[in-house]
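Each chain, letter by letter, is given below.
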Amino acid sequence: MTESMRIILLGAPGSGKGTLASRLAREFKLAHIATGDILRRAVEAGSVLGREVEAVMNQGGLVPDTVMVDLIADRLAQPDAARGFILDGFPRTVAQAMALDKLLDRMSLSIDHVFHLNVPEEDLVKRSVGRRVCSECGRNYHLTGAVPRQADRCDECGGELRERDDDGEDTVRRRLKVYQDSTRPLAEYYGACGAFREVDGTPAPDVVYHSVTGWLRGTGRR
Ligand code: AMP
């Protein structure tokens, strides 16, 4: 494995990108760049960016490409990204992917792995509706799946568990439609490059994690 690994995680809302990315980032000491988390923090802080994106996020739409490309350019320029990174939630459109290619080219960097997590649509809805997220450390729980030991409190850090504003069923279905229309084509965009892998995202998080680390260690199997 190279010292500074650069990974893109693709997958629909609820496919398990966040959970997988957090664990990979911890294990391989990579910067976890989750654009949804960055935007939610901006909304919470009431910054100019936050005020600009809040409505579109709550409706399950996509923040404009120009805003996202500027955001990612700033984030990749930060020192922690130099030791490698995982992009979780970016790119989400072909235009963003093309802009990322240009940006990496200018930095003389390339992407080592692109993983696409596949999960059937009805499972995606069930996973998102009922999801609870720790307001402190970002760990995900589920009302019927990964249930916290104490209701509304994170097992790891004791932070308060909250429902995301965009996890209501109608908004989740809208986000899935946006995913099919705008983000799913990225599987074809990256499919042609040797770094691309389809991953079955339906098993338990531990199984998904081990199938991905198999690829990272060069022992992956289709
Ligand atoms: P996520 O936490 O990745 O599900 O992202 C939550 C929301 O943030 C999305 O539904 C979008 O509104 C917005 N968002 C996050 N990343 C992007 C992106 N790369 N392009 C456009 N909008 C984004």
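First, a word on what this report is: a plain description of the structure on this page.

Rules used throughout
- Residues numbered from 1 in each chain as written.
- Predicted model: local features only at pLDDT ≥ 70, side-chain atom pairs only at ≥ 80, totals over all residues.
- Heavy atoms only, no water.
- Helix = DSSP H or I, 4+ residues; strand = E, 2+ residues; numbered from the N terminus.
- Expected span 1.5 Å × (residues − 1).
- Buried < 20%, exposed > 50% of the residue type's maximum accessible area, 1.4 Å probe, protein only.
- Arc of directions from axis to C-beta.
- Pairing = 2+ DSSP bridges.
- Salt bridge = Lys/Arg side-chain N within 4 Å of Asp/Glu carboxyl O.
- Lys, Arg positive; Asp, Glu negative; His and termini not counted.
- Polar contact = N/O pair within 3.5 Å; in protein donor to acceptor, adjacent residues only side chain to side chain.
- Contact = heavy atoms within 4.5 Å.
- Near = heavy atom within 4 Å.
- Areas by Shrake-Rupley, 256 points an atom, 1.4 Å probe, with all protein chains shown as cover.
- Nonpolar A, V, L, I, M, F, W, Y, C, P; charged D, E, K, R; others polar.
- Core = buried A, V, L, I, M, F, W, Y, C linked by side-chain atoms within 4.5 Å.

**So, helix 7 (residues 169-183)**
Here is step 1: In this model helix 7 runs 20 Å from its N-terminal to its C-terminal C-alpha over 15 residues, within 8% of the 21 Å that 1.5 Å per residue would give.
Here is step 2: Turning to helix 7, its buried residues number three or more, namely Thr 171, Val 172, Arg 175, Leu 176, Tyr 179 and Thr 183. Down the axis of helix 7, the buried set is contained in an arc of 145°. They therefore lie on one face. Those residues of helix 7 that are exposed and aimed more than 90 degrees away from the buried face are Asp 170 and Lys 177.

**Here's the deal with the sheet that holds strand 7 (residues 161-162)**
Here is step 1: Strand order in the open sheet formed by three strands is 6-5-7, with antiparallel pairing between adjacent strands. Both edges of this open sheet fall to strand 6 (140-142) and strand 7, since each of them pairs with a single strand only.
Here is step 2: In terms of strand pairing, strand 5 (residues 131-134) meets strand 7 through two bridges, oriented antiparallel. Across the sheet, Cys 134 pairs through a bridge with Leu 161, a residue of strand 7.

**Notes on the pattern of salt bridges**
Here is step 1: Applying the stated rule across the entire model yields 14 salt bridges.
Here is step 2: As a salt-bridge pair, Arg 40 and Asp 37 come within 2.7 Å of each other at their nearest N and O atoms. With Arg 40 and Asp 37 both in helix 2 (residues 35-45) and three residues apart, this pair spans about one turn of that helix.
Here is step 3: Classification of Arg 40 by relative accessible area gives partly exposed; the value is 27%.
Here is step 4: In this structure, Asp 166 and Arg 164 form a salt bridge, with 3.0 Å as the shortest nitrogen-oxygen distance. Residues Asp 166 and Arg 164 agree in their burial class; the two are buried.

**Quick look at the side chain of Asp 88**
Here is step 1: Relative to the assigned elements, Asp 88 resides in strand 3 (residues 85-88).
Here is step 2: For Asp 88, which is buried and forms no salt bridge, the nearest opposite charge comes from Lys 17, at a distance of 4.7 Å.
Here is step 3: Here His 32 takes part through its side chain, which lies 2.9 Å from a polar atom of the side chain of Asp 88.
Here is step 4: Excluding residues within four positions of it along the chain, Asp 88 makes contact with Lys 17, Gly 18, Ala 21, His 32, Ile 33, Ala 34 and Thr 35.

**Brief notes about the site of the ligand**
Here is step 1: Around the ligand there are 16 residues in total, and Thr 35, Arg 40, Gly 61, Gly 89 and Gln 96 lie nearest to it.
Here is step 2: The separation between an oxygen atom of the ligand and a polar side-chain atom of Arg 164 is 3.1 Å.
Here is step 3: In isolation the ligand exposes 480 Å². Once the protein is present, 95% of that is buried.
Here is step 4: Counting residues per element, the shell around the ligand draws most heavily on helix 2, which supplies four residues.
Here is step 5: Of the residues belonging to the shell around the ligand, the class tally is six nonpolar, five polar and five charged.

**Details of the nonpolar core**
Here is step 1: Residues Ile 8, Ile 33, Leu 76, Phe 85, Leu 87, Leu 100 and Tyr 190 are the most contacted members of the largest nonpolar core, which totals 28 residues.
Here is step 2: Only strand 1 (6-11), strand 2 (31-34), helix 2, helix 3 (48-58), helix 4 (65-76), strand 3, helix 5 (94-106) and helix 8 (185-191) provide two or more residues apiece to this core.
Here is step 3: With five residues, the top contributor of residues to this core is helix 4.
Here is step 4: Beyond its immediate sequence surroundings of up to four residues, Tyr 190 is in contact with Ile 8, Leu 10, Pro 91, Ala 97, Leu 100, Val 114 and Phe 196.
Here is step 5: The next biggest cluster of nonpolar side chains, apart from the first, holds 18 residues, and it includes Leu 9, Phe 115, Val 199 and Leu 216.

Any link to function would need more than the numbers given here.
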